[in-house]
Amino acid sequence: MIIRVPARRPAAVSTARQMRSWAFLLPAASTLIAHEASASFNFNFPEPVTPIARETLAIHNEFMLIITILFVVVFAIMIYSMIRHRKRPGYEAATFSAPSNRLQWFWVLLPFAILLFIDFILMGIPAVKAIVVMEDTKTKADMVLKVTGMQWKWQYEYPESGIKFISTLATPRDQINNAEAKGEHYLLEVDNPVVLPVGKKVRVLLTSTDVIHTWWVPQFGVKRDAVPGFLRETWVKIDKPGIYRGQCAELCGKEHGFMPVVVHAVPEEEFIAWQDTQKAKIASAASSADRTWSKDELMAAGKAVYEKQCAMCHQPEGQGLPPTFPALAGSKVVNTPLLSAEGKVVTDTHVDRVMNGKPGTPMQAFRNTLSDTDLAAVITFERNSFGNQRGDMIQPAQIKALRQEGSKP
Amino acid sequence: MENAFSPEDLARRRSRSKRLAWLIGGAVLLLYIAGFFLKR
Amino acid sequence: MSTAIAHPGNPHDEHYPGGLMRWLTTTNHKDIGTMYLTFALMMFFVGGLMILAVRAELFQPGLQLMKPEFFNQLIGVHALVMIFAALMPAATGFANWMIPLMIGAPDMALPRLNNWGFWLLPPAAILLTMPFTLALFGIGDGAIATGWTFYAPLSVQGGMGVDFAILAVHILGISSIMGSINIIVTIFNMRAPGMTMMKLPLFAWGWLITAFLLIATLPVLAGAVTMLLTDRHFGTHFFNAAGGGDPILFQHLFWFFGHPEVYILLLPVWGLMPHVLSTFSRKPTYGYTAQVYSFIAIGVLSVVVWAHHIFTSGMPIPALVYFMFSTMSISIPLAVLFFCWIATMWRGAMTFETPMLFAIGFIVLFGIAGLTGLVLADVAADAQYHHSYFVVAHFHYALFAGGIMGVITGVYYWLPKWTGHMYSEKLGKLHFWLTVIAFNLTFIPQFFLGLAGMPRRIPDYALQFAEFNAISTIGAFILGFSQLIFAYNIWCCVRGGTKVEARVWEGAEGLEWELSSPPPHHSWEIPPVIR
């Protein structure tokens with residue numbers, strides 16, 4: 001990646017604006033304020049970088065102010081009463097239990113008139129305006145980004161240019177397991193970040209291949225579910241270049257906490273340059289699928305793919321996590337013949353399972369996400385590793401052919 | 001006003017309660033079954 | 001422990017078998033109420049232990065104690081246990097104990113149904129938690145790991161823990177429906193002569209609305225999880241897009257139950273509050289009629305606002321606007337309740353015994369839940385709050401401060417009536433202050449975590465969230481362990497203590513305070529006369 005972007009301000013340096021609305025929890029917040037300069041105590045949304053995020057932050061700040069006032073006023077009255085209206089000698093409790101004259105009715109009904117005004121005018125009108133802006137994904141959209149959630153990674157696709165890649169967590173497992181020191185962007189870093197141009201309205205289409213995921217970048221102010229079998233949409237228009245980080249927000253299985261979203265926002269020229277390099281990469285990958293690969297090459301490439309795509313569930317040594325994630329070592333499925341005598345895929349064989357997945361389980365159809373070369377490599381690798389000794393291999397070109405004829409058994 | 005829950009009075013109250021209970025139970029079952037025909 | 005609650009009085013009134021058989025076969029509303037409450041207290045600690053394990057894992061970034069899949073099981077089962085096995089049974093226990101006393105009835109209308117309703121609970125709780133134990137022996141992959149919401153398709157692909165949970169929810173649902181039917185028919189048919197509906201104690205009114213909500217919504221939940229079961233095992237495609245279904249349908253069905261469920265947990269507490277406030281303010285309840293109509297309004301509104309739980313799943317603009325405004329409109333009847341609570345205190349002659357302290361703590365903290373709920377109703381801002389720790393903090397203010405602290409209020413308020421002994425006021429106050437301080441220490445940081453962008457249900461988090469999580473965990477442990485004071489206080493009070501009179505509290509009004517403490521085995525054999 002050749003992108004240079006100004007580093008985002010570290011989280012510890014909070015601006016006054018970011019802190020403005022901590023106030024709604026006055027009593028307890030005050031104990032924390034003492035620390036705010038020293039550590040990463042963020043009391044409000046991170047700095048907004050899209051029109052929606054700015055709108056959302058403004059609304060949030062307004063609402064926090066309103067509810068703080070309500071809270072203080074209501075409980076000031078109660079606390080006054082708790083101090084003044086205590087049992088003591090010579091003091092008689094009142095006996096009223098309802099408003100008894102017009103003036104009292106006025107004072108009783110007044111708070112509710114105020115509340116109605118707050119609900120439907122003060123809070124309601126800006127909210128409706130914001131909703132209309134938020135849902136307007138189509139007007140003047142400059143480009144489309146298709147986001148596909150899958151257990152447990154994101155696939156990004158640029159339909160106009162045909163670029164498509166998978167983005168997975170880049171944090172080493174050793175950091176997660178406390179075997180080494182955690183990096184600055186622990187759990188919020190990926191191998192292939194999605195790249196978007198600044199100042200362009202990007203229509204984001206979302207879907208999923210397995211369970212529901214939610215695509216969320218706090219600084220964009222958008223959060224939308226990726227629902228399998230359906231298309232949802234939202235939009236972003238990023239104002240300034242930077243690296244923006246978020247996470248999957250809907251519980252999606254065991255690695256839910258480990259599928260971050262990282263967006264590089266770059267100026268348009270840089271974006272075009274990036275697109276060109278990506279296209280060139282795709283072209284070279286396609287041509288490499290046509291040549292014949294040696295087994296050693298396939299094994300080496302397969303190991304890399306395995307570690308990135310498969311090891312999370314089937315574990316680095318292929319031992320799996322039974323019963324949910326079966327072992328590949330000595331697996332019945334892995335140790336099936338490669339293809340039928342006619343060179344076709346047979347149901348419930350190794351090639352079938354890798355390409356088409358197993359419905360109703362986290363095992364997905366990797367034909368949709370991996371290249372011919374990656375598929376050939378990882379299948380070859382699995383058949384000849386973890387004690388499996390099939391001795392055979394499959395060529396990228398064979399996968400390509402199987403894919404073209406549909407490859408469904 | 002009686003000064004005790006007479007056996008007759010109690011029996012009457014209990015049987016009224018049972019009728020109502022079965023009625024509500026039936027409504028619950030209907031609601032449950034109706035749920036399967038929901039389409040979105 | 002429960003057996004220690006004996007009912008002194010005329011021995012001729014009491015013909016029940018001794019020992020365990022008494023509890024298995026009892027049809028006495030007070031015995032059943034005691035069992036409900038004991039069960040709820042036990043499950044409160046079970047659910048609490050689960051979440052303490054979760055908080056311990058979240059103390060520092062990195063995975064220290066457990067694997068993510070086990071973490072996911074703990075959070076979901078914690079919620080199911082707390083909601084279905086702790087809060088709901090506690091409220092039903094209150095209803096069983098108090099409604100017959102309050103309305104002048106000799107017992108619940110259908111005593112055998114009552115017994116059955118209770119004894120369905122322990123098997124359901126065992127079913128819910130058994131997969132944990134089975135996994136220890138290598139059977140299955142543990143309990144349900146989808147969170148308490150069972151969202152398809154995650155729950156379709158889940159292990160056998162999901163089946164156990166589906167079965168448990170069915171049984172718990174049947175138990176709740178039977179309890180609700182019993183409460184409704186008791187209130188309708190067993191009132192003492194002269195007690196009209198508009199003289200009914202507010203606690204009974206709150207429960208009446210709760211019972212109707214349970215009856216209207218639990219069948220929908222049962223239907224939804226049954227559909228899930230057939231999707232899992234019998235090849236249907238209710239929630240599978242590939243077969244013409246829709247995963248979002250499940251969310252609609254679930255929240256059609258799930259939102260009223262919040263009010264199911266809270267209405268009994270709202271019913272209880274006026275009694276406590278009026279007692280310790282020595283002043284009649286303010287706005288009885290207004291409160292009754294607010295209960296009804298909240299009950300009706302609660303079933304038409306469900307989709308505010310799924311704003312991010314994608315809905316047409318008119319639907320978003322409708323669900324936003326209908327949700328906001330709940331703030332009106334809720335504000336009526338707050339107004340009446342404070343107006344009841346106004347110009348009273350207050351004293352601050354433990355139940356009053358918890359009631360005031362409830363009002364303030366539940367106020368935060370209500371106000372943040374108002375903000376969450378806003379679709380635009382909700383995009384940022386949703387699925388984040390802000391929501392976690394919000395609903396714990398509603399369900400811990402609103403639900404559990406409400407139940408604790410009721411326990412301290414009625415415990416002397418049930419046992420005939422006074423609890424330790426000193427321990428009660430200590431319990432209150434520890435609870436309130438630790439609760440805020442736990443959940444205020446979670447508001448900020450959510451605003452900063454920490455999603456919920458993650459076993460590990462980015463470094464910027466570390467400080468607040470550490471504070472929250474410390475708070476959670478203090479909160480958890482201070483509940484042991486509560487259990488100890490109850491235990492001592494059941495065992496003995498200063499004898500109390502029929503009217504335990506100076507300002508207490510109502511039929512329940514006319515009977516001896518503890519009340520006789522058969523509550524009202526002679527119906528009281530209501531003026």
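Note that the structure is predicted; figures quoted are calculated from it, not measured.

Regarding its fold elements, chain B presents 1 helix and 0 strands. Within the span of chain B, comprising 40 residues, buried residues form 10% of the whole.

Moving on to unusual backbone geometry. Going from Gln151 of chain A to Trp152 of chain A, the amide bond is cis rather than trans, its omega being -5 degrees. Inspection of the secondary structure puts Trp152 of chain A in the loop between strand 1 (143-150) and strand 2 (153-158). At the junction of Ser517 of chain C and Pro518 of chain C, the peptide bond is cis and its omega measures out at -5 degrees in the coordinates. Among the structural elements, Pro518 of chain C can be located in the segment after helix 17 (466-495). Its identity as a non-glycine residue notwithstanding, Arg457 of chain C has a phi of 60 degrees, on the positive side. Of note, Arg457 of chain C is situated in the loop between helix 16 (425-452) and helix 17. Look at Arg457 of chain C and you get buried, because 21 C-beta atoms sit within 10 Å.

Residue and element names in this part refer to chain A. With 6 of its 7 residues buried, strand 10 (residues 260-266) lies for the most part within the structure. Bridge count for strand 4 (residues 194-197) against strand 10 is 4 bridges, and the pairing is parallel. When the bridges of strand 10 are listed, Pro197 appears paired with Val266. Strand direction decides the pairing type here: strand 9 (residues 242-248) and strand 10, joined by 6 bridges, are antiparallel. Across the sheet, Gln247 pairs through a bridge with Pro260, a residue of strand 10.

Further remarks concern the arrangement of the chains. Contacts are most numerous between chains A and C, considering all 2 pairs of chains that are in contact. If you take every C-alpha in chain A and every C-alpha in chain B, the smallest gap between them is 13 Å, and the two do not touch.

Turning our attention to the sheet that holds strand 7 (residues 222-226) of chain A. Hydrogen bonds along the backbone pair up the strands of a sheet, which may run parallel or antiparallel. Residue and element names in this part refer to chain A. Here we have 5 strands laid out as an open sheet, ordered 4-10-9-6-7, and mixed in their pairing. Looking along the sheet, the strands with just one partner apiece sit at the ends: strand 4 and strand 7. Direction aside, the axes of adjacent strands within the sheet are offset by 25 degrees on average. Where strand 6 (residues 213-217) meets strand 9, 2 bridges bridge the pair, whose relative direction is antiparallel. Paired with Trp215 across the strands is Cys248, a residue of strand 9. Across the face of the sheet, helix 5 (residues 268-288) comes into contact with strand 4 and strand 10 while running at roughly 140 degrees to strand 4.

With that out of the way, let us pick up the nonpolar core. Residues and elements named next belong to chain C. Judged by nonpolar contacts, the single largest core of 292 residues is most densely connected at Leu87, Ile103 and Ala204. Ranked by residue count, the leading element in this core is helix 3 (residues 68-103), at 24 residues. Dropping the residues within four chain positions of it, Ile103 is found in contact with Ile187, Met190, Arg191, Ala192, Met195, Leu200 and Ala204.

Procedures and definitions
Residues numbered from 1 in each chain as written. Chains lettered and ligands numbered in written order. Predicted model: local features only at pLDDT ≥ 70, side-chain atom pairs only at ≥ 80, totals over all residues. Helix = DSSP H or I, 4+ residues; strand = E, 2+ residues; numbered from the N terminus. Buried ≥ 20, exposed ≤ 12 C-beta atoms within 10 Å, placed from the backbone. Pairing = 2+ DSSP bridges. Contact = placed C-beta atoms within 7 Å. Axes fitted to C-alpha atoms, helices over the stretch in contact; angles between N-to-C directions. Core = buried A, V, L, I, M, F, W, Y, C linked by C-beta atoms within 7 Å.

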